[in-house]
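Chain by chain, the residues run as shown.
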Amino acid sequence: MLDRLVGAVRAGESRVLVVRGDPGAGKTVLLDYLAGRARGCRIARAAGVQSEMELAFAGLHQLCAPLLDHLDRIPVPQRDALRTALGLAAGPPPDRFLVGLAVLSLLSEVAGGQPLICLIDDEQWLDQATALTLGFVARRLAADPVALVFATRDPGAELARQPELVVAGLKDDHARTLLDSALAGPLDARVRDLIIAETRGNPLALLELPRGLTPAELAGGFGLPAVTPLTNRIEASFGRQLDALPAQTRRLLQLAAADPSGDRALVWRAAERLGIGVQAGTPAIEAGLVEFDGQVRFRHPLTRSAAYRSAPLAERQQLHAALAEVTDPQLDPDRRAWHLAQAAPDRDEEVATELERSADRAQARGGVAAAAAFLERAALLTGDPARRAGRALAAAQAKVQAGASGAAQGLLAIAETGPLSDLEQARLELVRARLASATSRDAEAPLLLLRAAERLERIDIGLARATYLDAVAAAMFAGRLASPGGSTMDVTRAAAAAPRPPGRPRPPDLLLDGLAALYNQGYAAAVPLLRQALAAADSGTPSDEEPHWLWLACVVASHVWDDERWELLSRRYIELVRKMGALAELPLALDRRARPLLFAGELAAAAALLDETRTVEAATGNPPWRYGELSLAAFRGNEASAAALISSIMADVTQRGEGYGITAAEWANSVLGNGLGRPRDAMAAAERATGYPGDMGFSKWALVELVEAAVHSGMTETAAGAYRRLTAMTGPAGTDWALGLAARSRALLSDGDEAEGCYREALDRLGRTRLRVELARAHLLYGEWLRRAGRRTDARLQLRTAHEMLDAMGLAAFAERARRELAATGETVRARTVETITVLTAQEACIARLASDGRTNAEIGGQLFLSVRTVEWHLRKTFIKLGIGSRRELRTALDYLGPDRPAA
């Protein structure tokens, strides 16, 4: 398998492989084997180090440092983002996805001169930022001669669905041969069998466990009783080998193990300060425990671990102190601060202050997890109880943002033990409430946030209003399942009575006022306030754009039927979250961005975003955001998969107390029913979806489905009632989206010229929006009405347009409904042939569309997070499939696709 991988890369293909196995199974040996076999290929290596897991992009620095001579060849925005992430330049926090694209482009450029194989050992110990970046790159390799090979004990979510090579234990006969090679003398057969059984054929265990044991110990039944895990026993074996070394040699290995960077010069400078001579390394090298070549490399991570653990605490502190002294405070201030923290024997305010500065730098690089780790350590080193509590609170807040909820709970407990000011006590309650909201999104979250907001009113009005806004959002999610006192009406009533903001109202202040008006005064009264809030958010400076309210602005934009701002704000929201590196917030941002894409008919682009949410959610452990996935399933119209997803979501949200999810699931049921031509099922689901007046978003969309389903079920009164409720919103909104849907719904309730006028108005208005799905459905309904009126020729034009649009966008159930209607007019729908777009993948179609719009390969790559060579590769395949020879012919060849457009 490894030889085939090398052959594929030499032939210009991309490969990703995850080598999975227990410690000592031989994963590193296989990576070394692959490196030795890869003649003609360039090798880049990195290895995760447990003690560096909190340092953002530490692993990426290892991998990319030898490749930086190609950095000037990638686009400037990518280059700047990567330089900032690696600490090579100062700058604003880089967009995580721009960093990922920069790494992808860098690997592509290097591979342009020579096939490249990247070997990443101990992937389970990579820092979070590196792991997510390399997972991003692995999913987007396509046409470059690049291989990414990961060795790991247990693959993380970022490597889900990648090809795996499982390294299991040796068979018994091979294990006996390997064990015999490690023994100096004969061994009783029964003892040999016992060792093989206990080690389960683990090569490292077979080689290392017998070392340092006397013949008497082996003969006496080694391994009985087997009470410690195999990893611990292997480490103990390394410990016995360390014990046999001279004292100075042991001290040198302990020092090398204390610095995970592998910087040989740094280690020797620190050794000199400790009085350790160069000759001390020889016994360890001869024993095969370590190499001092270009870098310091231990034989195995467990060797490093055993060396570090063999030093008592006081000696470890001395080692870290020496390393801190020789680490350049200008070039590597964060590593120096880390060593100083490990060296501190007791509370140390000076070191704690250094760690706070490191946290600020990490935050600036988008390393929220690293910032949280520095703040946590700073809190532990702080002597003053009040200051320690404040730092623990700051660390907890960063942990929540980084998605580390368990650590945040512990830090909140530390903060509670110290004297807190009124503001800090209120902030503690706020962090706890936000943690509950992020980790469970249950019916209790609105009440917790409401209490925090009320406490903050007399301390910090601005923060109090922001917390009221969080409480409104939590109440919206709790919906019909909210606890007593925590409903949307309860929370917005309290918010309406909140103190006015000091100074000029900011966008979140305007949002809060608009939402309070919405639930207390009604839709018509709220629309001007909500529009004012959206305008402020649209023109806000980056410092104003905070995730805890910007996602809500996206909801409000859709609620006032403003498709342009819905598109703009969802883009801005996801860009902000990525720049901040706020992992806990990213799934929500991806979900919010997917909604306008879905309604624009860009199902493939939305699906790509939603795929990313699963990876991030697995990393944080927070409840999944599945509403975009639900909407996608409803639009696609695959009954079996959509029904299973709807059932699963309904059970989950009911158990957690997230009533918003019930509305969403019933809306999806209504869309599915209308698409499949089951209006009675759709009507029942839509009635359930619109039954709770406090819901935003899905409930108003369900009114549109209810009108259509009720008319087709012969329930005119039900349809008329839903229409009246719908127009109570669409009238005050007054946008083309709102008025277009109102006209489409009114047409269903009308006859003759009035109906036809309404259909034409709907087509005109919806045609001016981004909402291609709603436009296609208007063509479908108009065509169905024309067919029933006996105007078959006119009907065919509308139904043909509807079918082509719906089919191209991937709305299979609605497309099939249009096909049946066309067949009823006597027209046979032209089947797509192998020569048409059916042979294009979703990604090829996206790239072809962008190329036909005049985008360069570099621009397309930047937009879709692909390397330039991958874009070229996809375009070559597309040209062949479409039978064309140049980009000039793309637009004509793609006309049959309809209006589907890829994501930005």
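Residues numbered from 1 in each chain as written. Predicted model: local features only at pLDDT ≥ 70, side-chain atom pairs only at ≥ 80, totals over all residues. Heavy atoms only, no water.

**Observations regarding the sheet that holds strand S1 (residues 15-21)**
Next, step 1: Here we have 5 strands laid out as an open sheet, ordered S2-S3-S4-S1-S5, and parallel in their pairing. With partners counted over all chains shown, the strands left at the sheet margins are strand S2 (42-47) and strand S5 (164-167), one partner each. Pairwise comparison of adjacent strand axes, ignoring direction, gives a mean angle of 15° for this sheet.
Next, step 2: The sheet contact formed by strand S3 (residues 116-121) and strand S4 (residues 146-152) spans 5 bridges and is parallel. Looking across to S4, one finds that Leu116 is bridged to Val146.
Next, step 3: Packed on one face of the sheet, helix H2 (residues 27-37) meets S1, S2, S3, S4 and S5 and runs near 165° to S3.
Next, step 4: Against the sheet, helix H5 (residues 96-113) touches S2, S3 and S4, its axis set at about 130° to S3. (Pairing = 2+ DSSP bridges. Helix = DSSP H or I, 4+ residues; strand = E, 2+ residues; numbered from the N terminus. Axes fitted to C-alpha atoms, helices over the stretch in contact; angles between N-to-C directions. Contact = heavy atoms within 4.5 Å.)

**Structural notes on the packing of aromatic side chains**
Next, step 1: A complete count under the given rule lists 20 aromatic pairs for this structure.
Next, step 2: With centroids separated by 5.3 Å and ring planes inclined at 70°, the aromatic side chains of Phe599 and Phe635 adopt a geometry described as edge-to-face. Taken as a pair, Phe599 in helix H30 (residues 586-599) and Phe635 in helix H32 (residues 627-636) lie far apart in primary sequence, 36 residues in all. Neither Phe599 nor Phe635 differs from the other in exposure class; each is buried.
Next, step 3: One aromatic cluster is present, built from ring pairs that chain together Phe477, Trp551, Trp561, Trp566, Phe599, Tyr627, Phe635, Tyr660, Trp667, Phe698, Trp701 and Trp737.
Next, step 4: Above the face of the Phe136 ring, Arg140 is positioned so that its terminal group lies 4.0 Å from the ring centre.
Next, step 5: Between the NZ or CZ atom of Lys700 and the centre of the ring of Trp561, over which it lies, the distance is 5.0 Å. (Phe/Tyr/Trp six-rings, centres within 6.5 Å; stacked < 30°, edge-to-face > 60°. Buried < 20%, exposed > 50% of the residue type's maximum accessible area, 1.4 Å probe, protein only. Lys NZ or Arg CZ within 6 Å of the ring centre and 35° of its normal.)

**Considerations on the side chain of Asn202**
Next, step 1: Topologically, Asn202 is positioned in the loop between helix H8 (189-199) and helix H9 (203-208).
Next, step 2: By relative accessible area, Asn202 is classed as buried at 5%.
Next, step 3: Within the local environment of Asn202, its side chain forms a polar contact with the backbone nitrogen of Leu204, the two atoms lying 3.2 Å apart. (Polar contact = N/O pair within 3.5 Å; in protein donor to acceptor, adjacent residues only side chain to side chain.)

**Focus on H2**
Next, step 1: Every buried residue of H2 is accounted for by Lys27, Thr28, Leu31 and Leu34. The arc enclosing the buried residues of H2, seen along the axis, measures out at 120°, which places them on a common side.
Next, step 2: Residues of H2 that are buried in the fold lie against helix H1 (2-10), S1, S2, S3, S4 and S5. (Arc of directions from axis to C-beta.)

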